[in-house]
Amino acid sequence: MSWHQELLVGFDLETTGTDVEQDRVVTAALIRLEADGRVAGAQSWLLDPGVPIPEEAARIHGISTAHVQEHGRAPASAIAEITEALADVLRADIPLVVMNARYDLSLLDRECRRHGVPTLTDRLGRPPSPVIDPLVLDKHVDRYRKGKRALQALCGHYGVRLDGAHEAGADAAAAAGVARRIGEKYPAVALPSPRALHTLQEQAAAEQAASFQAYLRRSGDPEARVEPAWPLIPYQR
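An account of the accompanying structure is given in this report. The structure displayed is predicted, hence computed values, not measured ones.

Right, let's get into helix H3 (residues 75-91). Look at H3: 24 Å from first C-alpha to last across 17 residues, which is about the 24 Å you get at 1.5 Å a residue. All of the buried residues in H3 are Pro-75, Ala-78, Ile-79, Ala-80, Ile-82, Thr-83, Ala-85, Leu-86, Ala-87, Val-89 and Leu-90. The first or second residue beyond H3 is Asp-93, which carries a positive phi of 60 degrees.

Before going further, it helps to examine the pattern of salt bridges. Opposite charge on two side chains allows them to pair when their charged atoms are near. Under the criterion given, the structure shown has 16 salt bridges. For Arg-123, the salt bridge goes to Glu-84, with nearest N and O atoms at 2.9 Å. Highlighted residues: Arg-123 in helix H5 (residues 120-124) and Glu-84 in helix H3, separated in sequence by 39 residues. By relative accessible area, Glu-84 is classed as partly exposed at 26%. The residue Arg-145 makes a salt bridge to Asp-138 at a minimum N-O spacing of 2.7 Å. Note on Arg-145: relative accessible area 19%, which makes it buried. Shared partners join several salt bridges into a network, and the residues in it are Glu-21, Asp-109, Arg-110 and Arg-113.

Turning to unusual backbone geometry, a few remarks are in order. With omega at 0 degrees, the peptide bond leading from Ser-129 into Pro-130 counts as cis. By the element assignment, Pro-130 lies in the loop between H5 and strand S5 (131-132). Residue Trp-230 is joined to Pro-231 through a cis peptide bond whose omega torsion reads 5 degrees. Position of Pro-231 relative to the elements: it lies in the segment after helix H9 (194-218). In the Ramachandran plot, Asp-93 falls in the positive-phi region, its phi being about 60 degrees despite a non-glycine side chain. Structurally, the position occupied by Asp-93 is in the loop between H3 and strand S4 (96-98). Residue Asp-93 is classed as partly exposed on the basis of its relative accessible area of 39%. For His-166, which is not glycine, the phi torsion reads 70 degrees and is therefore positive. Within the element layout of this structure, His-166 appears in the loop between helix H7 (151-158) and helix H8 (168-185). Given a relative accessible area of 33%, His-166 falls into the partly exposed group.

Turning to the packing of helix H6 (residues 134-141) against H8, a few remarks are in order. Axis separation between H6 and H8 bottoms out at 9 Å; the angle between their running directions is 30 degrees. Viewed along their axes, H6 and H8 adopt a mutual orientation that is roughly parallel. Here H6 and H8 pass one another in a crossing that is left-handed. Two secondary-structure elements touch here, H6 through Pro-134, Leu-137, Asp-138 and Val-141 and H8 through Ala-175, Val-178, Ala-179 and Ile-182. Among the residues making up the contact of H6 with H8, the classes are represented as 7 nonpolar, no polar and 1 charged.

Definitions and limits used
Residues numbered from 1 in each chain as written. Predicted model: local features only at pLDDT ≥ 70, side-chain atom pairs only at ≥ 80, totals over all residues. Heavy atoms only, no water. Helix = DSSP H or I, 4+ residues; strand = E, 2+ residues; numbered from the N terminus. Expected span 1.5 Å × (residues − 1). Buried < 20%, exposed > 50% of the residue type's maximum accessible area, 1.4 Å probe, protein only. Salt bridge = Lys/Arg side-chain N within 4 Å of Asp/Glu carboxyl O. Axes fitted to C-alpha atoms, helices over the stretch in contact; angles between N-to-C directions. Parallel < 35°, antiparallel > 145°, perpendicular 65-115°, else oblique. Left-handed = near helix turned anticlockwise from the far one by under 90°. Contact = heavy atoms within 4.5 Å. Nonpolar A, V, L, I, M, F, W, Y, C, P; charged D, E, K, R; others polar.

Laid out in structure tokens, this is it:
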């Protein structure tokens, strides 16, 4: 039996921006999906990040500074709770599906460090795994397909329903659905072990980063450096 025929847990963050070193978590969701796609459990968090939410970010996910100031939780305790929930999943060797995992997991790592709580790596005693990233998998199995590869585009391509894009729970469930469809469609990644798939993605992500870096340099950016590490960007002190 392959990983795509078993329980998957989707995870997603909505944030104040796209800089993993500076931006903050606004919402998070963890969705457990049975093999038949039924939701077996869900957790969600709304945080007051302690900084204003830029208008551009608020237009994307629909959450304002005023709303989180009134309804959001203090970030330190919520970040600790989110991270422990992820650790519980990975300790059980259940695949954690994260669209563009390098972004979400790295930003969460920096939030842990900012608020002085143990990181996911600290809690596990090892790098996070097994993680499944639909973005890395899609680029691996269909390298030369033209067009966008954002979650909405992948949902359209693989026929996965997405209700309420940029709502963390909807995005987490959709990411797991896309990952499952990729496993169904491409036998080369329908491995029996989620850990073997994790290793394959580490290699694929590094190759994709090298290819993109070469493209940028050909396009006139000789100093371009694209981070090859996956699913977590190393912390630079």
